[in-house]
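# A structural walkthrough
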Amino acid sequence: MVHLMRLARAASIADLRALARRRIPRFAFDLVDGGAEDERNLRRNVEAFGEVELTPRYMIDVGAVETGVTVFGRDYALPLGMAPIGMLNAFWPEADVILARLCKRENIPYVASSAASTTLEKLAEAADGNGWFQLYVSGDTDVTESLVSRAEAAGYDVLMVTADVPAAGKRDRDIRNQLSVPFRFTPGVLAQLAAKPVWSLASLRNGTPNVANYADLLSSATSYADVQKTLITPRFTWADLERLRERWKGRLLVKGILHPDDADRCARIGCDGIVVSNHGGRQVAFGPASVEALPAIAEAVKDRLTVLLDSGIRRGSDVIRAKALGADLVLAGRALAFGVGAGGEAGAQRSIDILKLELVRALGQLGTPSYATIDATVLSHR
């Protein structure tokens, strides 16, 4: 009861993050919360949104506000989806399924990570028609083909190919925590577990998390870096993307685009969309925030591609900022994960309720009764 009261008092995603940090051992919290090297890009993703100013217009009827969006021929209740996060069950037990079910309930997209702690088949069932599948292209073509075939059989009709991890990022927090998969129970880890009994008992009931879709391939892995080497390849090229375009009959998205020329090339290959993303600041320690890269990319592809954005979403007003700069829909990862960590299923619901409330109020305050009509005219020209 006390914890539910704390959830009800959480006014922002930052509040949920603080609650999650209190409940989760440091090594598990840092796995999701941390970024590459000095975490400049992680911070910049959030800060850059705050620098995008919008100009309100008044004396407009905003008594009824419409937040729906149509993407790939499907109507969604909000212009927001769950971004893929690997190993999320290490953050909170059964987080994958909790969020997949939340997305179905709220009628928003759920992007299942190929590095999830739950099999893609179970997540397709939990998302029940709202699921998209994110693919890491492996150096082993048989592994990649197996994942694509399984995604087809599970009923996913949107494939999101991640292009922005030719080399695994250097995450200093994970190195300091000596993060391994599966977890090694060192004296330091045991001390953290003793200090977080709710997380520890829940994890004990649900078993040690692993990268479920690659379970047969990871028996020899000793660190999270070893896992990443299995998942990714430094040799993924445009020719490989063209072959995937021919192979996959559904909608094809490319995640991790930060340059207009790369976006243009995706359009010319015949992709259906792109995700402007710097991987949440988790891989590259330099470069632009996603929202900084968005305007030039949106201009380069115009109406040829559906443009999504992830990295840095913390407020409902951020969704509007992204739309004004050219994104059709945004994906949030940490924002929803913090909710799960703060309170399981109830916390996940609280995170989406906060973002939804902020989005509706921001549309009203902006004098725009429909998200679909947001464009560059709402941007401040100061």
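For the structure itself, look to the data block above.
As a starting point, this report considers the structure included with it.

Conventions and cut-offs
Residues numbered from 1 in each chain as written. Predicted model: local features only at pLDDT ≥ 70, side-chain atom pairs only at ≥ 80, totals over all residues. Heavy atoms only, no water. Helix = DSSP H or I, 4+ residues; strand = E, 2+ residues; numbered from the N terminus. Contact = heavy atoms within 4.5 Å. Areas by Shrake-Rupley, 256 points an atom, 1.4 Å probe, with all protein chains shown as cover. Phe/Tyr/Trp six-rings, centres within 6.5 Å; stacked < 30°, edge-to-face > 60°. Expected span 1.5 Å × (residues − 1). Bend = angle between axes of the 7 residues up to and from the residue. Salt bridge = Lys/Arg side-chain N within 4 Å of Asp/Glu carboxyl O. Buried < 20%, exposed > 50% of the residue type's maximum accessible area, 1.4 Å probe, protein only.

## A short note on the overall build of the protein
The number of helices and strands found in the protein is 16 helices and 10 strands. Viewed in the frame of its principal axes, the protein has a C-alpha envelope of about 60 × 55 × 40 Å. When contacts within the protein are restricted to residue pairs at least 6 apart in sequence, long-range pairs at least 24 apart make up 76% of them. By element, 52% of the accessible surface of the protein is carried by carbon and sulfur atoms, the whole surface being about 16400 Å².

## Some points on the packing of aromatic side chains
Under the counting rule described, the total for this entry stands at seven aromatic pairs. For the pair F27 and W199, a centre-to-centre distance of 6.0 Å together with 85° between the ring planes defines the contact as edge-to-face. Separated by 172 residues along the polypeptide, F27 in helix α3 (residues 26-33) and W199 in helix α10 (residues 197-206) bring together distant segments of the chain. Ring-pair connections join several aromatic residues into one group, and the members of that group are F29, F91 and F338.

## Some points on helix α16 (residues 334-366)
Taking 1.5 Å of rise per residue, the 33 residues of α16 would be expected to cover 48 Å, yet its terminal C-alpha atoms sit only 26 Å apart, more than 12% below that figure. Considering bend angle alone, the principal kink of α16 is centred on G343 and spans about 140°.

## A closer look at the pattern of salt bridges
Per the stated rule, a full pass over the model turns up 23 salt bridges. Between D174 and R171 there is a salt bridge, and its shortest N-O distance comes to 4.0 Å. Assigned by exposure class, D174 and R171 land together as buried. Taking the shortest distance from any N to any O, the salt bridge between R245 and D272 comes out at 2.8 Å.

## Remarks on unusual backbone geometry
The phi angle at E37 is positive, at roughly 50°, despite the residue not being glycine. Looking at the element boundaries, E37 is found in the loop between α3 and α4 (40-50). Despite not being glycine, M59 has its phi angle at roughly 55°, a positive value. With respect to the helices, strands and loops of the structure, M59 is situated in the loop between α4 and β1 (69-71).

## Structural notes on α3
When you tally the buried positions in α3, you get seven out of eight residues, the bulk of the element. F27, A28, F29, D30, L31, V32 and D33 are the residues of α3 that are buried.

So, to be careful, I would describe these as geometric facts and stop short of saying anything about function.
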